[in-house]
Amino acid sequence: MTDLSTLTIHQAHELIKTKKASSTEITKAVLARIEKVEGKIGAFITLCPEIALAQANAVDDAIAKGAAIKPLMGIPLAPKDIYLTEGIKTTCGSHILHDFIPPYNATVIQKCLNEQAVIVGKTNLDEFAMGSSTESSYFKKTKNPWRLDAIPGGSSGGSAAAVSADLCLASLGTDTGGSIRQPASHCSIVGIKPTYGRVSRYGTIAFASSLDQMGPMTKDVEDAAIMLNTICGRDGKDSTSLNVSVPDFTKVLHHSVKGLKVGLPKEFFVDGMSGAVCKTIEAAVKQLKDLGCEVREVSLPNTKYAVATYYIIAPAEASANLARYDGVRFGLREKANSLNEMYQNTKGKGFGAEVKRRILIGTYVLSSGYYDAYYIKAQKARTVIRQDYLETFKNVDVIVGPVTPTTAFKLGEKTDDPLQMYLSDILTIPANLAGLPAMSLPCGFGDDGLPIGLQIIGRPLDEATMIQVAHAYEQATDWHRKKPAGI
Amino acid sequence: MIDKEQIKKTANLARLELSPEEIEKLSVQLSEIMAYAESINQLDLSGVKPTAHAVEVENVFRDGDEPIVSGIIGKAIENAPEHDGIFFRVPKVL
């Protein structure tokens, strides 16, 4: 008897459609697995089993009455705790929102609920999505299911760990500088950051508004395509969401990739990259060649300025977005004798070290005297970085490479050196700066037993080709079938 | 070099209270980070337009602009640390 918690969305959907399993059975299996394993992993900030079972029950009732079964119907999901979920505590990993109960759903959540997906809980993240290890969460540190002394990645580390350990069938993460792709790579799952503007940001706690994107984190490529179909689309409540039609991303699955041109940027093989990552990516590229892709070396010369550019722009936008946490309308409020003191004390006590660091960097680069020297310059650097990609896409269909220079580091290893942590984002940041769709999927393991992901970057709005290549690679290998041992 | 005075001034702009230890640490860390950020000065950016948004965004107008009921007015105030049912209450401003 299969443990139903190990199912993918499409497998569960098949069983539900053919009445071989009910949503209640699948949800109960996931909840049982959470009870057994969550203590070791710490993937969740909030669990809501009663809500989940009520939702699952409602699904089974509707199906019994003959309702059409949409792809996410009855599927247990665990969204990152950055998505507002009506009536379910949403903390963004921060003390300043430790008891915040949203009065409405994020658009992305509402879309999933409109298909009657089931929500089992909210997953752990770096505070306000600022980080690459999930260690800056106020609540707990999440462990990598593949090695419990390693980070799961960040900021969507809880999501990645939960999907990898079968504590949900799928999750939703967010990606501002790599926060879906990097944890997906570290935990051997699939994660997609769509083109900026594909998915509504309404109701998702903002970090850097010109960089944030919402996306699926799943056990395989087909599941990610299914979730993308549900969450993409123009939203009147997010005026940065694009008014473009959403193709059916599942239509490209099982298509041949013969003749597709793949670019491998030489600048992606950075100093300090581990031998294991190099070897593994080279093997993945060879696999793409065997599938008929034409692989050629390309150059993205301004890659080396991406981290500096990002760590000026993102904190600047964050400093504006986090100004609202002031103790007035919601969240933590510290005692004070004056309004100004209330702001100071609330932010002082409510925010963690990484958040404070980024608010200060952002405030500094936007302050008078520094605005032109840093912020405007960084926006120009952004133009130049984006142009590298648009030029390259005249000659290739997708760009591939590693997601991170090394496998997951140990918990506590980089917390004292923020700059070191920032530098490890070098390979994921450019896609956010350029607004391009990008994804990670499993492609092997290091000698330390930790997963390595293959990054695929697509043309603007061309998630389809990116998914096509990913699926072809996935189906020719079996990395996606591997599960962490011993949990 | 971003000294402690600079950190204090910046923190004040952000309405952020910092302890003396935090100010000390942040002065070191921000100096390091900003020194690294300076590397973008190596780029020749003459004639380059700044990109605020990766994708072309145009000004958007609401469709129809009909008032709708948000349905959350009662719920929205519930998260406030102090309120009187209609208004948020805060320490004296003046």
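Check the entry above for the structure.
This one's a predicted model, so the numbers in the text were calculated from it and none came from an experiment. (Residues numbered from 1 in each chain as written. Chains lettered and ligands numbered in written order. Predicted model: local features only at pLDDT ≥ 70, side-chain atom pairs only at ≥ 80, totals over all residues. Heavy atoms only, no water.)

**Student:** What is the right way to look at the interface of chain B and chain A in this model?
**Tutor:** Between chain B and chain A, the residue contacts involve 50 residues of the former and 66 residues of the latter. The contact between chain B and chain A buries some 5,100 Å² in all, and 67% of this surface belongs to carbon and sulfur atoms. Of all residues in chain B, the largest losses of buried area upon contact with chain A belong to Tyr36(B), Ile40(B) and Asn79(B), amounting jointly to 12% of the total for that side. Taken together, the links from chain B to chain A amount to three salt bridges. For Lys356(A), the salt bridge is made with Glu22(B), and the minimal N-O distance between the two is 2.7 Å. Viewed at the interface, chain A and chain B are joined by 16 residue pairs in polar contact (both at pLDDT 80 or more). Counting only elements with at least two residues in the side of chain B that touches chain A, the list comes to helix 1 (4-13), helix 2 (20-37) and helix 3 (73-76) of chain B. The biggest single contributor to the side of chain B that touches chain A is helix 2 of chain B, with nine residues. (Contact = heavy atoms within 4.5 Å. Buried area = accessible area lost by both parts, 1.4 Å probe. Salt bridge = Lys/Arg side-chain N within 4 Å of Asp/Glu carboxyl O. Polar contact = N/O pair within 3.5 Å; in protein donor to acceptor, adjacent residues only side chain to side chain. Helix = DSSP H or I, 4+ residues; strand = E, 2+ residues; numbered from the N terminus.)

**Student:** Mind showing me how you'd approach the packing of aromatic side chains here?
**Tutor:** Remark: the centre distance and the inter-plane angle together describe each pair of aromatic rings, the angle taken between the planes. Residues and elements named next belong to chain A. For the structure on display, the rule yields 14 aromatic pairs over all chains. Relative to phenylalanine 445, the ring of tryptophan 146 has its centre 5.0 Å away and its plane inclined at 55 degrees; by these criteria the two rings are tilted. Note that tryptophan 146 is positioned in the loop between strand 4 (121-123) and helix 5 (157-164) and phenylalanine 445 in strand 11 (residues 438-445), a separation of 299 residues in sequence. We classify tryptophan 146 as buried; its relative accessible area is 16%. Look at phenylalanine 445 and you get partly exposed, because its relative accessible area is 23%. When the ring of tyrosine 311 is compared with that of tyrosine 422, the centres are 3.9 Å apart and the planes differ by 15 degrees; the resulting orientation is stacked. Taken as a pair, tyrosine 311 in helix 9 (residues 306-321) and tyrosine 422 in helix 13 (residues 418-423) lie far apart in primary sequence, 111 residues in all. Tyrosine 422 shares its class with tyrosine 311; the two are buried. A connected cluster of aromatic rings, assembled from ring pairs, spans Phe100, Phe128, Tyr325, Phe330 and Phe351. (Phe/Tyr/Trp six-rings, centres within 6.5 Å; stacked < 30°, edge-to-face > 60°. Buried < 20%, exposed > 50% of the residue type's maximum accessible area, 1.4 Å probe, protein only.)

**Student:** Please clarify how the pairing of strand 6 (residues 190-193) of chain A should be interpreted in this entry.
**Tutor:** Strand residues, when the strand is regular, have side chains that alternate between the two faces of the sheet. Residue and element names in this part refer to chain A. By the alternation rule, side chains of strand 6 split into Val190 and Ile192 and Gly191 and Lys193, which are all buried. Pairing between strand 6 and strand 7 (residues 213-218): two bridges, direction antiparallel. What sits directly across from valine 190, in strand 7, is threonine 218. Judged from the three bridges that link them, strand 6 and strand 11 form a sheet pairing that is antiparallel. Looking at the pairing, glycine 191 lines up with serine 440 of strand 11. (Pairing = 2+ DSSP bridges.)

**Student:** Help me out: how do you make sense of the pairing of strand 7 of chain A in this one?
**Tutor:** Residues and elements named next belong to chain A. Summarising burial for strand 7: six of the six residues are buried, a large majority. Strand direction decides the pairing type here: strand 5 (residues 170-175) and strand 7, joined by six bridges, are antiparallel. Counted as the bridge partner of alanine 170 is threonine 218 from strand 7.

**Student:** Which parts of the structure should I look at to understand the packing of helix 2 (residues 23-41) of chain A against helix 3 (residues 49-64) of chain A?
**Tutor:** Geometry of a packed helix pair, given as the angle between the helix axes and the separation of the axes. Residue and element names in this part refer to chain A. Close contact between helix 2 and helix 3 brings their axes to 8 Å; oriented N to C, the two are set at 160 degrees. With respect to their mutual orientation, helix 2 and helix 3 come out roughly antiparallel. Considering only the axes of helix 2 and helix 3, their crossing is right-handed. Only Pro49, Ala52, Leu53, Ala56, Asn57, Val59 and Asp60 of helix 3 make contact with helix 2, whose side of the interface consists of Ser23, Thr24, Thr27, Lys28 and Leu31. (Axes fitted to C-alpha atoms, helices over the stretch in contact; angles between N-to-C directions. Parallel < 35°, antiparallel > 145°, perpendicular 65-115°, else oblique. Left-handed = near helix turned anticlockwise from the far one by under 90°.)

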